[in-house]
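The primary structure of each chain is shown beneath.
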Amino acid sequence: MQSWRRRKSLWLALSASWLLLVLLGGFSLLRLALPPRPRPRASQGWPRWLDAELLQSFSQLGELPEDAVSPPQAPHGGSCNWDACFDTSKCRGDGLKVFVYPAVGPISETHRRILASIEGSRFYTFSPARACLLLLLSLNAQTGECSSMPLQWNRGRNHLVLRLHPAPCPRTFQLGQAMVAEASPTVDSFRPGFDVALPFLPEAHPLRGGAPGQLRQHSPQPGVALLALEEERGGWRTADTGSSACPWDGRCEQDPGPGQTQRQETLPNATFCLISGHRPEAALRFLQALQAGCIPVLLSPRWELPFSEVIDWTKAAIVADERLPLQVLAALQEMSPARVLALRQQTQFLWDAYFSSVEKVIHTTLEVIQDRIFGTSAHPSLLWNSPPGALLALSTFSTSPQDFPFYYLQQGSRPEGRFSALIWVGPPGQPPLKLIQAVAGSQHCAQILVLWSNERPLPSRWLETAVPLTVIDGHRKVSDRFYPYSTIRTDAILSLDARSSLSTSEVDFAFLVWQSFPERMVGFLTSSHFWDEAHGGWGYTAETTNEFSMVLTTAAFYHRYYHTLFTHSLPKALRTLADEAPTCVDVLMNFIVAAVTKLPPIKVPYGKQRQEAAPLAPGGPGPRPKPPAPAPDCINQIAAAFGHMPLLSSRLRLDPVLFKDPVSVQRKKYRSLEKP
């Protein structure tokens with residue numbers, strides 16, 4: 001009996017010791033830890049595990065085992081930072097202007113694409129004296145020759161050394177005070193707040209536009225694998241939850257079976273993509289996961305995530321400890337469907353906004369540097385991390401999300417209840433007196449601006465109206481219609497042609513519709529695009545059909561921000577095209593709005609008798625039976641400049657309640673809409 005008691009006491013003591021050991025040290029291995037940063041800073045770009053409630057017993061960073069990665073060495077460039085190594089005084093006049101050093105010798109395809117993307121941007125300048133930033137491409141990929149130090153190096157001050165593709169090119173000169181923008185820099189060499197981390201782009205990455213994201217269904221389809229694992233020889237291997245006992249470190253001993261794996265996939269078809277942080281091709285696999293809508297799970301990465309200074313990767317990716325395969329898999333399986341949906345949607349937004357083309361990568365790099373010049377308020381985090389993104393939310397217009405039409409709903413605000421009418425007067429130059437009277441009769445009209453783009457002299461007398469009327473002497477260009485005039489004081493703009501014919505009721509109802517959809521265009525006459533198989537290009541028709549994808553800007557409501565986009569974001573070649581072919585301006589403006597909103601315009605009722613009598617389109621004098629259609633080359637040129645076709649078709653027309661219903665006219669608010 002006494003020996004039994006001794007054995008029992010010994011067993012209880014051993015059990016208590018084992019339990020104490022587990023509580024104090026065992027759970028430290030279960031933390032999905034973040035890799036150490038090179039130095040502490042305010043804003044961390046690495047994602048943190050989002051479902052913290054699943055990991056309550058995990059240790060803190062300071063409690064990791066002794067075999068954790070040692071702190072990195074001091075980065076190159078010493079103590080160089082933005083305030084000490086960049087002279088912002090050169091940017092005070094024209095803002096950020098970029099000069100690119102000419103290439104020495106043959107130009108590679110990568111070099112050509114980078115040059116084309118910069119030269120087509122609003123940042124480019126031909127003069128190094130006017131430049132705020134001097135850009136140097138560090139490697140000629142075609143010849144394999146490394147770039148030499150330019151004559152205007154000045155110890156690298158206000159210089160940016162750009163390298164999109166990692167290459168074995170030793171630095172032949174000291175970087176000094178130059179910034180470095182390179183693909184997938186290691187955390188040891190990256191200088192936060194000074195250098196720029198770029199994505200690893202394949203050689204065949206498109207110049208502009210790019211392939212869309214591959215996520216076609218928000219929730220996982222039945223039978224879709226939970227995980228996708230990268231293959232050493234390229235491609236992906238997918239596995240379902242039955243492979244949860246099989247870690248990703250190559251020590252799998254059980255055969256998952258033919259129904260649980262799919263090999264050599266170009267893009268992964270799974271919910272989560274496990275990416276090792278040690279393999280050289282991990283950064284490229286990360287970009288593939290974004291495009292596929294597969295949530296990246298980075299296993300102890302040692303490289304900086306692209307644009308981590310401005311992109312909040314906690315909304316799109318996960319960082320996990322590669323030493324805890326089973327715990328990570330269990331946590332992934334327990335993640336709620338709502339969280340999975342939010343992460344997958346964010347991967348698609350980030351891919352489309354910043355990574356789908358070389359042009360977007362280059363422009364994002366320059367926007368990051370411009371934000372540093374003007375301060376963090378230039379682009380708040382919301383503009384970078386919410387659709388449509390910082391590239392389409394220009395800081396030259398505003399730095400507040402509440403001023404942009406696509407953030408009204410998110411900010412819980414509404415546009416003001418007034419609009420400005422902008423009437424373009426081209427040839428033959430007759431004052432649109434009836435149109436002015438009809439628009440001024442609207443209770444929502446705040447002001448009328450007449451843009452006189454005509455060779456005839458301005459009339460000395462104009463119609464007296466109840467609202468202020470301002471006459472602007474234009475430059476005889478159609479693109480003047482979309483210039484951001486400082487005299488426009490309202491959010492809403494009613495764009496009109498002098499030969500337009502509208503009633504006050506039509507204006508009032510169209511404006512009320514626009515207030516419900518302030519990010520979209522609301523118009524009266526429509527047209528549509530189509531793919532012409534015979535000619536292998538896009539076509540255009542103004543015929544009345546059940547579908548439409550554009551509204552004519554000669555009678556349409558839209559937000560004034562699109563004037564800023566038209567003037568400051570479009571390449572000069574497209575604005576010149578609009579001036580040379582005036583019928584193309586409708587297509588161009590619809591392209592801009594569709595590219596921003598990913599939505600079609602909205603059609604409202606328009607009097608049939610006026611539609612047949614006077615078309616709403618710029619051009620020569622006299623009525624036509626229908627609006628003239630732009631040449632197919634116009635549409636194809638614009639689509640080529642955008643890199644894709646953003647227009648979307650719609651069958652929706654919004655009518656007033658009781659519109660054409662067989663009830664008394666006295667019960668209808670917009671009675672004149674139904675007059676013959």
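About the cut-offs
Residues numbered from 1 in each chain as written. Predicted model: local features only at pLDDT ≥ 70, side-chain atom pairs only at ≥ 80, totals over all residues. Heavy atoms only, no water. Helix = DSSP H or I, 4+ residues; strand = E, 2+ residues; numbered from the N terminus. Buried < 20%, exposed > 50% of the residue type's maximum accessible area, 1.4 Å probe, protein only. Contact = heavy atoms within 4.5 Å. Areas by Shrake-Rupley, 256 points an atom, 1.4 Å probe, with all protein chains shown as cover. Salt bridge = Lys/Arg side-chain N within 4 Å of Asp/Glu carboxyl O. Axes fitted to C-alpha atoms, helices over the stretch in contact; angles between N-to-C directions. Parallel < 35°, antiparallel > 145°, perpendicular 65-115°, else oblique. Core = buried A, V, L, I, M, F, W, Y, C linked by side-chain atoms within 4.5 Å. Pairing = 2+ DSSP bridges. Expected span 1.5 Å × (residues − 1). Polar contact = N/O pair within 3.5 Å; in protein donor to acceptor, adjacent residues only side chain to side chain. Disulfide = S-S within 2.5 Å.

Peer 1: I tried to follow the overall build of the protein chain on my own but got confused; where do I start?
Peer 2: For the protein chain, the count of helices and strands is 16 helices and 22 strands. A total of 676 residues make up the protein chain; the buried ones form 53% of that total. Sequence-distant contacts in the protein chain: of pairs separated by 6 or more residues, those separated by 24 or more amount to 72%. Carbon and sulfur atoms provide 54% of the accessible area of the protein chain, an area that totals close to 31,500 Å².

Peer 1: Whenever I open this one, the pattern of salt bridges confuses me. Can you help?
Peer 2: Any two side chains of opposite charge can pair if their charged atoms end up close together. All told, the structure shown has 14 salt bridges when counted by the stated rule. Ionic pairing is found between Glu367 and Arg122, a salt bridge with its closest N-O pair at 2.4 Å. One end of the pair, Glu367, is in helix α7 (residues 358-374); the other, Arg122, is in the loop between α3 (109-119) and β2 (133-137), and 245 residues separate them in sequence. Judged by its relative accessible area of 1%, Glu367 is buried. Residue Glu309 is joined to Arg372 by a salt bridge in which the shortest nitrogen-to-oxygen separation is 2.5 Å. Of this pair, Glu309 sits in the loop between β11 (295-299) and β12 (318-320) while Arg372 sits in helix α7, and the two are 63 residues apart along the sequence. By relative accessible area, Glu309 is classed as partly exposed at 30%.

Peer 1: How should I be thinking about the packing of helix α6 (residues 337-355) against α7 in this particular structure?
Peer 2: Where α6 contacts α7, the two axes come as close as 7 Å, and the packing angle between them is 85 degrees. Compared by their axis directions, α6 and α7 come out roughly perpendicular. On α7, the residues touching Asp352, Ala353, Tyr354 and Phe355 of α6 are Lys360, Val361 and Thr364.

Peer 1: What exactly am I supposed to notice about the nonpolar core here?
Peer 2: With 86 residues, the main nonpolar core has Phe419, Val439, Ile448, Phe557, Tyr562, Ile638 and Phe642 as its most contacted residues. By residue number, the principal contributor to this core is helix α14 (residues 585-597), which donates 10 residues. The contact partners of Ile638, leaving out residues within four places of it in the chain, are Leu574, Leu577, Cys584, Val587, Leu588 and Phe591. Among the nonpolar cores identified, the runner-up in size contains 65 residues, and Leu135, Leu198, Trp236 and Leu287 belong to it.

Peer 1: Which parts of the structure should I look at to understand the sheet that holds strand β10 (residues 270-276)?
Peer 2: Hydrogen bonds between backbone groups are what pair the strands of a sheet, and the pairing can be parallel or antiparallel. Judged by pairing direction, the sheet is mixed, and its 5 strands sit side by side in the order β9-β8-β10-β11-β12 without closing on themselves. The open sheet has two edge strands with one neighbour each: β9 (236-239) and β12. Recorded for the sheet is a direction-independent mean angle of 25 degrees between the axes of neighbouring strands. Direction of pairing for β11 relative to β12: parallel, over a ladder of 3 bridges. Counterpart to Val297 in the pairing with β12 is Ile318. Along the sheet, α6 contacts β10, β11 and β12; its crossing angle with β11, the most-contacted strand, is approximately 95 degrees.

Peer 1: Just checking my understanding: could you explain α6 for this structure?
Peer 2: With 19 residues, α6 extends 26 Å from end C-alpha to end C-alpha; this agrees with the ideal 27 Å at 1.5 Å per step. Within α6 the residues assigned to the buried category are Val340, Leu343, Arg344, Gln346, Thr347, Gln348, Phe349, Leu350, Trp351, Ala353, Tyr354 and Phe355. Its buried side turned inward, α6 meets β10, α4 (282-292), β11, β12, α7 and α8 (381-385).

Peer 1: I'm lost on the side chain of Ser549 in this one. Help?
Peer 2: By the secondary structure assignment, Ser549 is in the loop between β19 (537-541) and β20 (550-551). A distance of 2.8 Å separates a polar atom in the side chain of Ser549 from a polar atom in the side chain of His529. In contact with Ser549, not counting residues within four places along its chain, are Ser527, Ser528, His529, Asn590, Pro601, Leu647, Leu648 and Ser649.

Peer 1: Could you clarify how one ought to interpret the side chain of Thr541 in this entry?
Peer 2: Topologically, Thr541 is positioned in strand β19. A distance of 3.1 Å separates a polar atom in the side chain of Thr541 from the backbone nitrogen of Glu543.

Peer 1: I'm lost on the pairing of strand β18 (residues 526-532) in this one. Help?
Peer 2: Regular strands place their side chains on alternate faces of the sheet. Taken together, the 2 bridges between β18 and β20 define a ladder with antiparallel strand orientation. Opposite Thr526, over in β20, you have Val551 as the bridge partner. Adjacent in sequence and paired antiparallel, β18 and β19 are bridged by 4 residues, among which Gly536 carries a positive phi angle near 65 degrees.

Peer 1: Which parts of the structure should I look at to understand the pairing of β2?
Peer 2: Within β2, 5 of the 5 residues are buried, leaving the element largely enclosed by the surrounding structure. Of the two faces of β2, both are covered, the one formed by Leu133, Leu135 and Leu137 as well as the one formed by Leu134 and Leu136. In this sheet, β2 lies alongside strand β1 (residues 98-100) in parallel orientation, the contact comprising 3 bridges. Across the sheet, residue Val100 finds its bridge partner in β2, namely Leu135. As paired elements, β2 and strand β5 (residues 159-163) share 4 bridges and run parallel to each other. Bridged to Leu136 within β5 is Val161.

Peer 1: Looking at this structure, I do not really get the state of the cysteines. What am I missing?
Peer 2: In protein structure, a disulfide is the covalent linkage between the sulfur atoms of two cysteines. Scanning all chains against the criterion turns up 4 disulfides. In this model Cys80 forms its disulfide with Cys85; the gap between the sulfur atoms is 1.8 Å. Its relative accessible area of 11% is what places Cys80 among the buried residues. Among the residues examined, Cys85 registers a relative accessible area of 5% and is labelled buried. Cys584 shares a disulfide with Cys634; S-S distance 1.9 Å. Here the residue Cys584 occupies a position in the loop between α13 (572-580) and α14, and Cys634 occupies one in helix α16 (residues 632-642), the gap between them amounting to 50 residues. On the accessibility criterion, Cys584 (3% relative accessible area) is buried. Residue Cys634 is classed as buried on the basis of its relative accessible area of 3%.

Peer 1: Even after reading the chapter, I still don't get the sheet that holds β18, so can you show me in this structure?
Peer 2: Spatial ordering of the open sheet is given by β19-β18-β20, a layout of 3 strands whose pairing is antiparallel. The open sheet terminates on both sides in strands that have one partner only, identified here as β19 and β20.

Peer 1: Explain α7 to me, please; I cannot follow it from the model alone.
Peer 2: Two residues of an α-helix separated by three or four positions point the same way, owing to the 3.6 residues in each turn. With 17 residues, α7 ought to run about 24 Å at 1.5 Å a step, and its terminal C-alpha atoms sit 25 Å apart, in line with that. In terms of burial, α7 is largely enclosed, as 16 of its 17 residues are buried. Just downstream of α7, Gly375 is the residue with a positive phi angle, here 95 degrees.

Any link to function would need more than the numbers given here.
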